[in-house]
Amino acid sequence: MDEQIRNPLLDRIWYLPVSYKDNLIKENWNSIYSEGAIPSQRWDKIDWEIAERGPYIFLSRAPITFAHSILVVPRPHQSKSVDEATFFRWSAYLIERALYIFNIAFGVKKIHTSADYRILAEKTLSNGEYIKTLILKANANEDLNTIYKVHLLPYFKSHDIDCQQRFLALHRSVDLGEQKGGLLGWIGQREDQVDKYEVEDFLRTNPDEEISDLATKELALNLRSLYWENHKTKDT
């Protein structure tokens, strides 16, 4: 029998619960996830059918900004339905942890300036100081009966400048000084650009492949390592 093909998304995941005995995870997913942990040091052995049953965070294949990540929280298998407010509460717990890692990765270590990620930084127009992370509860491909998704977009000085310039250009007839605005419009414009790359330019010719030149596998490994280093005492 041929060896099962490994889901390439696994290599872009940078968060999986280190232990399903974690209090909140156990509260939400009960005995299904009380059997043990997915060992981070054996990431290549992780099975997708197991991974997708719990919450995870992965790097977008068509990122709007550097390290654009997507948090996925599935409905627990034993639950027939989960209301949106509950999904939001579970997500907030994991978003807090992601923001902590982003602050270390981009605010302290400034990994977005590394030569290893030069192409990714260029394609996502990401450089300069890390300012904040944009948290977007917006996804065209989501069935709230089964899953909840949140986009996490690290936002850098270059994005802030680009956003302001776009806003001022759209309102040239008014003297706005240094006033800022148009953030959602800027995000929409960026999404149009990456969608064109993903849908028209890339998927048309390589529908079953990953975008290798963006070094998302390497970046996921980096973020994963930072997570384990900085949450060991919390999650074990």
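Everything that follows concerns the structure shown earlier in this document.
Computed from a predicted model, the values in this text were never measured in an experiment.

Student: Could you give an account of the overall build of the chain, naming the residues involved and the relevant values?
Tutor: A count of helical and extended segments in the chain gives seven helices and five strands. Along the chain, helices and strands appear, N-terminal first, in the series β-α-α-β-β-α-α-β-β-α-α-α. Counting all 236 residues of the chain, 44% fall into the buried class. The long-range fraction of contacts in the chain, counting pairs at least 24 apart against all pairs at least 6 apart in sequence, stands at 68%.

Student: So what's going on with the nonpolar core? Which residues, and what values?
Tutor: In globular proteins that are soluble, nonpolar side chains generally tend to be buried together. Counting 49 residues, the largest nonpolar core has Ile13, Trp14, Tyr56, Phe66, Phe106, Leu219 and Leu223 as the members making the most contacts within it. The element best represented in this core is helix α3 (residues 84-108), accounting for 10 residues. Beyond its immediate chain neighbours, meaning those up to four positions away, Phe106 contacts Phe66, Ala67, Ile111, His112, Tyr130, Pro154, Phe156 and Leu223.

Student: Requested: an account of the sheet that holds strand β1 (residues 13-15), with residues and values cited.
Tutor: The strands making up a sheet associate through hydrogen bonds between their backbones, and the pairing can be parallel or antiparallel. The five strands lie next to each other as β1-β2-β3-β5-β4, forming an open sheet whose pairing is antiparallel. Edge positions in the open sheet fall to β1 and β4 (130-136), since each of these has one partner strand only. Averaged over all neighbouring strand pairs, the angle between strand axes comes to 30°, with direction disregarded. Bridge count for strand β2 (residues 56-59) against strand β3 (residues 69-74) is four bridges, and the pairing is antiparallel. Its bridge partner lying in β3, Phe58 is registered against Ile70. Lying on the sheet, α3 is in contact with β1, β2, β3, β4 and β5 (147-156); it crosses β5 at an angle near 25°.

Student: Could you give me a rundown of the packing of aromatic side chains, with the residues and numbers involved?
Tutor: The full count for this structure, using the stated rule, is 14 aromatic pairs. Considering the side-chain rings of Tyr56 and Phe58, the 6.0 Å spacing of their centres and the 40° angle between planes classify their relative orientation as tilted. Comparing Tyr56 with Phe58 shows no difference in burial state: the two are buried. Ring plane angle 90° and centroid distance 5.8 Å describe the contact between Phe66 and Phe106, whose orientation is recorded as edge-to-face. One end of the pair, Phe66, is in the loop between β2 and β3; the other, Phe106, is in helix α3, with 40 residues separating them in the sequence.

Conventions used here
- Residues numbered from 1 in each chain as written.
- Predicted model: local features only at pLDDT ≥ 70, side-chain atom pairs only at ≥ 80, totals over all residues.
- Heavy atoms only, no water.
- Helix = DSSP H or I, 4+ residues; strand = E, 2+ residues; numbered from the N terminus.
- Buried < 20%, exposed > 50% of the residue type's maximum accessible area, 1.4 Å probe, protein only.
- Contact = heavy atoms within 4.5 Å.
- Core = buried A, V, L, I, M, F, W, Y, C linked by side-chain atoms within 4.5 Å.
- Pairing = 2+ DSSP bridges.
- Axes fitted to C-alpha atoms, helices over the stretch in contact; angles between N-to-C directions.
- Phe/Tyr/Trp six-rings, centres within 6.5 Å; stacked < 30°, edge-to-face > 60°.

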